[in-house]
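Here are the chains, one letter per residue:
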Amino acid sequence: MITTHNLGFPRIGKRRELKFALEKYWRGESSLQELEETATALRQRHWQYQQKLDWLPVGDFSLYDHVLDTSLLVGNLPSRTDSRLAETDQYFQAARGQSSKQLQQTPIAAAEMTKWFDTNYHYLVPEFNAETRFELDAERLLTQFREARAEGHQAKPVLLGPVSYLWLGKAKDNSNKLALLDDLLPVYEQCLLSLAAEGADWVQIDEPVLATELDQDWQHALSQAYFALNKTPLRLLLTSYFAPLGENLHLACELPTAGLHIDTINGREEVIKVVDWLPAHKTLSLGVINGRNIWKSDLNGLLDWLEPIYKRLGKRLWLAPSCSLLHVPVDLEQETELDSDIKNWLAFAVQKLDELNLLALALNHGRDGVKAELTANARAIQSRRDSAKVHKAAVQQRLQAVTSDWGQRHSPYPERRRLQRSRYPLPLFPTTTIGSFPQTTTIRQSRLQYRRGDLDEATYHRAMQQQIEYAIAEQEKVGLDVLVHGEAERNDMVEYFGEQLDGYTFTRFGWVQSYGSRCVKPPVIFGDIERPKAMTVDWIAYAQSLTDKPVKGMLTGPVTMLNWSFVRDDQPREQTCLQLALAIRDEVLDLEQQGVRIIQIDEAALREGLPLRRSGWKQYLDWAVNCFRISANGVQDETQIHTHMCYSEFNDIIESIAAMDADVITIETSRSDMELLDVFNAFDYPNEIGPGVYDIHSPNIPAVAQIRELMEKAAERIPPERLWVNPDCGLKTRQWSEVKPALEAMVQAAGALRQNAAA
Ligand code: GLN
Ligand code: ZN
């Protein structure tokens, strides 16, 4: 018999119950016990969903983040947290920090947060130093294990492996993290022993570092770890996901564990090699259902592929999703408003587990036993393949027509600059903002009422125009040089455009955890992308009609649209991105036609699409940059293209950034004290840059002198004629009472810089 299991289930709940319970607790409106009750109920419900599987994950649930849970498990919460607090409160303190207001003493900084591999999930970075020592605190895990067993489930504890745990953390004193492995391994050993004592058999031990390029030291660490952990009586399932094993394949096969899980959605071509290499006593778990996407699997196709493998491996073969289902929404059944064809092409976490069960049934007892289900699946797959909702001849034809000159500006930057400056004579150190202004309660209420149908189109339109009037007036008062309309009409920078494009659809409950209680609801790209009509022109033109200063048009770029959506899996991502690029290109040209001569195309998420292995970077960057260029570069020389990115870790991709050939790029820099601009010492960035001069995440008003200093630092690396002055990012999360003085300070600092330059 084949064995089925799951690597992890979304924790947040199908109605985001965990989110609401957490936030209620943090507001002080419920007790810890109430929070724990919600958590217990969610775990039980989630195990119910999974009960047809042979092995259910335990320990995948988390109140905030599974990496922080691991820090708790090995006794490594940051030492600055208040040890007098209950353990859970200390844990939340590590996750969220505590301001001085709350404590009436020194504030406690939250642990740093960063992206979990190439997903949009964020984990809390473990902190180490040379003195770090570990100590087991397995009570939570053991309790949950008992809970699952008491419910009658066959439970498989899930642990983040010791090597990945170290790899994901940061040595605050720059000491060598790997030196801590010797102290960490006994804690893992103890943990496994306590699980064994509770009756555990298989333990899933995640080492996602196997999907990255590891140097010899890290490879060696894996050997050391698993030779040590092999001594415990449990069976370990070494688990890798997100990318092929690549050069780590032999290592992964040969580490002394009872089994190996691999992601075959990303690395199907490796399976045969793994089957050949894996010692004959080992279990092989194949991740065959995509844990990162929301499309139905082609079950018949999978069976064609799996049947011979099953013949060869027999009961050594296990089946699972490719990775934890953390990255997909919970239950498609709730989506009562989705187009029924599209709904029939989708599978969320619950449906993915059904698919897994069907595969197992077909392999164990033959396809005939599940004939009806397989036929229904085949029909759904076929209907998607043939659907006119998905495939649009016009889009395909247009794609064929794209040639390389579509991504090419007419003249090189210096010539463009001359023309642009004669169109809009801007001062030295021109000032601008990144696009959004505060999303006030009034704005959000208008939008909500409009969505609910309580506000008619005309009234809503007028309300948004009034917001634009306010934003323009305030910017003129402050004295900014290039204005924006303020983005009041946008709920979200991707959703706003997705809603106006054909080929996009939206779910009601398709939430995915981003971090802690925060969730995102990525839109779904199901078909060829078309722009039925202009999306932003009215708003920008209205803003421009109110002022003599230039107003910057504001768009989201194709790569960011792609990286923040669920993307179709029936064509390469690059192809979908190109379709998005054409839609944005049309918008850019419409704006230009309307006299908007400064246009910003945000690519906040460009970096997020980088493949896990560096060897894949160039290919991604080439098509991503090409798509940006196609969206932006159809304009005349006079039209100034801006782009914006919410980070400035550019060192490793600076050439691609330059290759985008935007006239101006604005980036986040203030938090690093402009150090991030060091890259420009070595690389002569050819165009204009606006290094963000203040952190928009903080309510603090920046001092004029501070902004001046930052800009002076920037001017050491980039010629002043090519510098802009702007905040780090959009201002939508701030209040006008913060924005006004902050922008005033910025404008004053720019004035001082100009005077200085003239002197
Ligand atoms: N134009 C967007 C804004 O100002 C950019 C947001 C972003 O970069 N994340 O809100
Ligand atoms: Zn930004």
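Structure: above.
Here the residue index of a chain counts from 1 through its sequence in written order. By the order in which they are written, chains take letters starting at A while ligands take numbers starting at 1. pLDDT decides what is reported in this predicted model: residues at 70 or higher carry local features, side-chain atom pairs at 80 or more are listed and counted, and totals for whole chains, interfaces and linings draw on all residues regardless. Side-chain measures here rest on the full set of heavy atoms in the structure, leaving out hydrogens and waters.

S.K.: Is there a simple way to explain the sheet that holds strand 21 (residues 688-691) in this structure?
M.R.: Within a sheet, adjacent strands bond to each other through the backbone by hydrogen bonds, running parallel or antiparallel. If you trace the 5 strands from one edge of the open sheet to the other, you get 17-18-19-20-21, paired in parallel fashion. Edge strands, defined here as strands with exactly one partner in the open sheet, are strand 17 (552-556) and strand 21. Adjacent strand axes in the sheet meet at a mean angle of 20 degrees when their direction is disregarded. DSSP bridges decide pairing: two strands pair if at least two such bridges lie between them. Only DSSP runs of H or I covering at least 4 residues are called helices, and only runs of E covering at least 2 are called strands; the numbering of each starts at the N terminus. In the sheet, strand 19 (residues 640-645) pairs with strand 20 (residues 664-667) via 4 bridges, with the strands oriented parallel. Looking at the pairing, His642 lines up with Val664 of strand 20. Packed on one face of the sheet, helix 23 (residues 573-593) meets strand 17, strand 18 (598-602) and strand 19 and runs near 170 degrees to strand 17. Convention adopted: a line fitted to C-alpha atoms gives each axis, helices being fitted over their contacting stretch, and angles between N-to-C directions are expressed from 0 to 180 degrees. Contacts: residue pairs with any heavy atoms within 4.5 Å of one another.

S.K.: Where do I start with the layout of surface pockets in this structure?
M.R.: Sizing a probe to match a water molecule and rolling it over the atoms shows the empty space that remains. Of the grid points, spaced at 1 Å and generated over the protein atoms alone, those admitting a 1.4 Å probe that cannot get out make up cavities, while open sets with protein on both sides within 12 Å along at least five of seven lines make up pockets; any residue with an atom within 4 Å of a point is treated as lining. Grid points are joined across faces, edges and corners, and a volume is the space filled by probe spheres set on the points. What the second largest pocket holds in volume is close to 510 Å³. Tyr450, Glu457, Tyr496, Gln500 and Trp539 are the residues nearest the centre of the second largest pocket, which is lined by 19 residues in total. Put simply, the parts of the chain that give the lining of the second largest pocket at least two residues each are helix 18 (441-452), helix 19 (457-478) and helix 21 (537-545). A class-by-class count of the residues in the lining of the second largest pocket yields 8 nonpolar, 4 polar and 7 charged. Gly is put with the polar residues, along with every residue not named as nonpolar or charged; the nonpolar set is Ala, Val, Leu, Ile, Met, Phe, Trp, Tyr, Cys and Pro, and the charged set is Asp, Glu, Lys and Arg.

S.K.: So what exactly am I meant to see when it comes to the nonpolar core here?
M.R.: It is characteristic of soluble globular proteins that their nonpolar side chains tend to be buried jointly. Among the nonpolar cores identified, the biggest contains 116 residues, and Trp116, Leu286, Val288 and Leu319 are the most heavily contacted of them. A per-element tally of this core places helix 14 (residues 349-365) first, with 9 residues. Dropping the residues within four chain positions of it, Val288 is found in contact with Thr264, Ile265, Leu302, Trp305, Leu306, Leu319, Ala320, Pro321, Ser322, Leu356 and Leu359. Counting residues in hydrophobic clusters, the runner-up holds 102 residues, among them Val484, Phe497, Val559 and Leu606. Note on terminology: a nonpolar core comprises buried Ala, Val, Leu, Ile, Met, Phe, Trp, Tyr and Cys residues joined through side-chain atoms within 4.5 Å. Only protein chains enter the calculation, and the probe is 1.4 Å; a residue is then buried if its accessible area is under 20% of its type maximum, exposed if over 50%, and partly exposed in between.

S.K.: Explanation requested: the environment of Trp736 in the structure shown.
M.R.: By secondary structure assignment, the location of Trp736 is in helix 28 (residues 736-758). The sequence separation of Trp736 and Glu474 amounts to 262 residues, and the corresponding C-alpha distance is 9.5 Å. Non-local contacts of Trp736, meaning those with residues more than four positions away in its chain, are made with Phe437, Pro438, Thr440, Tyr470, Ala471, Glu474 and Pro741.

S.K.: Help me out: how do you make sense of the coordination of the zinc ion (ligand 2) in this one?
M.R.: For a metal with four donors in a tetrahedral arrangement, the ideal angle between donors is 109.5 degrees, while six donors in an octahedron ideally sit at 90 or 180 degrees. Within the protein, the atoms that donate to the zinc ion (ligand 2) are His644 (NE2), Cys646 (SG) and Cys729 (SG), at distances of 2.1 to 2.2 Å. Any nitrogen, oxygen or sulfur atom within 2.8 Å of a metal ion counts as a donor, with the limit raised to 3.2 Å for Na, K and Ca, and since water is left out, coordination shells can look unfinished. Metal sites are grouped by the angles between bound donors: all angles between 85 and 135 degrees with four donors is tetrahedral, opposite donors over 155 degrees apart with the others between 65 and 115 is square planar for four donors and octahedral for six, and any other pattern is irregular. Because the angles between the 4 donor atoms bound to the zinc ion (ligand 2) fall within 83 to 121 degrees, the donor set is best described as irregular. Each donor residue of the zinc ion (ligand 2) lies on one chain, and together they are spaced H-x1-C-x82-C. A residue pair is termed long-range when its members are at least 10 positions apart, and His644 in strand 19 and Cys729 in the loop between helix 27 (704-715) and helix 28 qualify at 85 residues. Looking at His644, the relative accessible area reads 2%, which means it is buried.

S.K.: How should the site of ligand 1 be read in this particular structure?
M.R.: Here, proximity means that at least one heavy atom of the residue falls within 4 Å of the molecule or strand. Around ligand 1 sit Ile434, Gly435, Ser436, Glu487, Met493, Met554, Asp602, Ala604, His644, Cys646, Cys729 and Gly730, and those are all the residues in its vicinity. By the criterion applied in these results, polar contacts are pairs of N or O atoms within 3.5 Å in which, for protein atoms, one can donate a hydrogen and the other can accept it, and in which residues neighboring in sequence qualify only through two side-chain atoms. Note that a nitrogen atom of ligand 1 is positioned 3.1 Å from one of the backbone N or O atoms of Ile434. In this structure, Asp602 approaches ligand 1 through a side-chain N or O atom, which is 2.7 Å from a nitrogen atom. Areas reported as accessible are Shrake-Rupley estimates using a 1.4 Å probe. Residue values count occlusion only from the protein chains shown. In the complex, 91% of the free accessible area of ligand 1, which totals 290 Å², lies under the protein chains. Looking at the shell around ligand 1 residue by residue, the class counts come to 6 nonpolar, 4 polar and 2 charged.

S.K.: I'm lost on unusual backbone geometry in this one. Help?
M.R.: For residues other than glycine, phi is negative in most cases, and the peptide bonds are mostly trans. Positive phi is not limited to glycine here, since Phe117 has a value of about 50 degrees. Tracing the backbone through its elements, the reader meets Phe117 in the loop between strand 3 (113-115) and strand 4 (122-124). Of note, the phi angle at Asp661 is positive, near 60 degrees, even though the residue is not glycine. Tracing the chain through its elements places Asp661 in the loop between helix 25 (654-659) and strand 20.

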